[in-house]
Amino acid sequence: MNLKENIQLEKLPKHIAIIMDGNGRWAKKQGMIRAFGHENGTKSVRTTVEACAELGVENLTLYAFSTENWNRPKLEVQTLMKLLVSALRKEIKTLQDNNIKLLAIGNLTTLPQKAYKELHEVINKTKNNSRMTLTLALSYGSREEIINTVKEISIKVKNNIISPEIIDESIINEHLYTQNLPDVDLLIRTSGEQRISNFLLWQIAYAELYFTNVLWPDFTKEHLYEAIIEYQKRERRFGKTSEQLS
Ligand code: IPE
Ligand code: IPE
Ligand code: MG
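Keep in mind that this is a model prediction, so the values were computed, not measured.

Conventions adopted
- Residues numbered from 1 in each chain as written.
- Chains lettered and ligands numbered in written order.
- Predicted model: local features only at pLDDT ≥ 70, side-chain atom pairs only at ≥ 80, totals over all residues.
- Heavy atoms only, no water.
- Helix = DSSP H or I, 4+ residues; strand = E, 2+ residues; numbered from the N terminus.
- Buried < 20%, exposed > 50% of the residue type's maximum accessible area, 1.4 Å probe, protein only.
- Core = buried A, V, L, I, M, F, W, Y, C linked by side-chain atoms within 4.5 Å.
- Contact = heavy atoms within 4.5 Å.
- 1 Å grid on protein atoms, 1.4 Å probe; cavity = no way out; pocket = protein on both sides within 12 Å on 5 of 7 lines; lining within 4 Å.
- Points joined across faces, edges and corners; volume = space filled by probe spheres on them.
- Nonpolar A, V, L, I, M, F, W, Y, C, P; charged D, E, K, R; others polar.
- Pairing = 2+ DSSP bridges.
- Right-handed = clockwise from strand over helix to strand, strands pointing away.

Explain the environment of serine 86 here, please?
By the element assignment, serine 86 lies in helix H3 (residues 74-97). Here serine 86 falls in the partly exposed class, since its relative accessible area comes to 36%. Each C-alpha atom, one on serine 86 and one on leucine 55, is 27 Å from the other, the two residues being 31 residues apart in sequence.

Pasting the structure below:
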């Protein structure tokens, strides 16, 4: 059976976020070093981006490197940063051909200069693309994002730019790294772990969570379709009763 045909295009999630996990275990299973898993993980990134664009998903956000990942062995961090640079160089054409805009969220100034520069080049070159927004979470931590938001709003309050009484969800949204993105509808995590690992804590308030045992380098378009089909079976009540919705 063709899974893609079972997707209801009028009920697509507007924003899919993915915690791409399991590269290391995938490599270990074949007796290879972790870097091999990361390399193969980039293939899954490409197919997932393509699949989302083909379906008409408007926003895809990928967790590529967390603030906590800086604590990994230096060599692994270096490998990941090198892979980022080469992937950006390689994929710019795919992004342009598919009319995809690239954004990045996180504490980007902590990235190595080369990665930072390459990233901004691709962001700049794709800024007028409109089919889909692909956001990479790099050196991203949700708590850090929230701390940053609180600081920015506090400074505005101190300088009388905004008064504390008017602070609401939309003002907070406007100060998060994800400022122009809608809330996450569907959060996918691969590799069997069932945790959030400091990803988009505010933005997933009402997201549907989907966990799969598939390791990220094995993740295919079909796996994405399965996740979307499962999402479409869920009843999103947002606190209301089932009867109110129908
Ligand atoms: C995800 O795979 C990639 C990053 C976190 C950068 P892991 O490297 O976490 O793989 P496992 O979880 O050790 O298998
Ligand atoms: C989360 O995966 C971060 C990314 C996928 C980039 P980790 O593998 O770092 O998370 P934990 O340590 O298992 O929570
Ligand atoms: Mg992991």
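There is more to say after this.
Explain the nonpolar core to me, please; I cannot follow it from the model alone.
In this structure, Ile16, Leu60, Leu102, Leu119, Leu134 and Ile188 are the most contacted members of the largest nonpolar core, which totals 48 residues. Excluding anything up to four places from it in sequence, leucine 134 contacts Val49, Leu60, Leu62, Leu95, Ile100, Lys101, Leu102 and Leu103. Among the nonpolar cores identified, the runner-up in size contains 13 residues, and Ala137, Tyr140, Ile196 and Phe199 belong to it.

Teacher, can you tell me more about the layout of surface pockets here?
Leftover empty space is mapped by rolling, across the atoms, a probe with the size of a water molecule. If you add up the space inside the largest pocket, you get close to 1100 Å³. Contributing to the lining of the largest pocket are 46 residues, with Met20, Asn23, Tyr63, Ala64 and Leu80 lying nearest its centre. Elements with a minimum of two residues in the lining of the largest pocket: helix H1 (23-29), helix H2 (34-55), strand E2 (59-66), H3 and strand E4 (132-140). With 12 residues, the top contributor of residues to the lining of the largest pocket is H3. Of the residues belonging to the lining of the largest pocket, the class tally is 22 nonpolar, 11 polar and 13 charged. What lines the second largest pocket is a set of 14 residues, among which Lys11, Leu12, Pro13, Tyr231 and Arg236 lie closest to the centre. Class assignment for the residues of the lining of the second largest pocket results in 5 nonpolar, 2 polar and 7 charged.

Just to check I follow, could you spell out the pairing of E4 for this structure?
In the case of a regular strand, side chains alternate between the two sheet surfaces. With 9 of its 9 residues buried, E4 lies for the most part within the structure. Pairing analysis gives 7 bridges linking E2 to E4, with the strands arranged parallel. Directly across from leucine 60, in E4, lies its bridge partner leucine 134. As paired strands, strand E3 (residues 100-105) and E4 are joined by 6 bridges and run parallel to one another. Each bridged residue has a counterpart across the sheet, and for alanine 104 the counterpart in E4 is leucine 136. For the crossover from E3 across helix H4 (residues 113-125) to E4, the handedness is left-handed.

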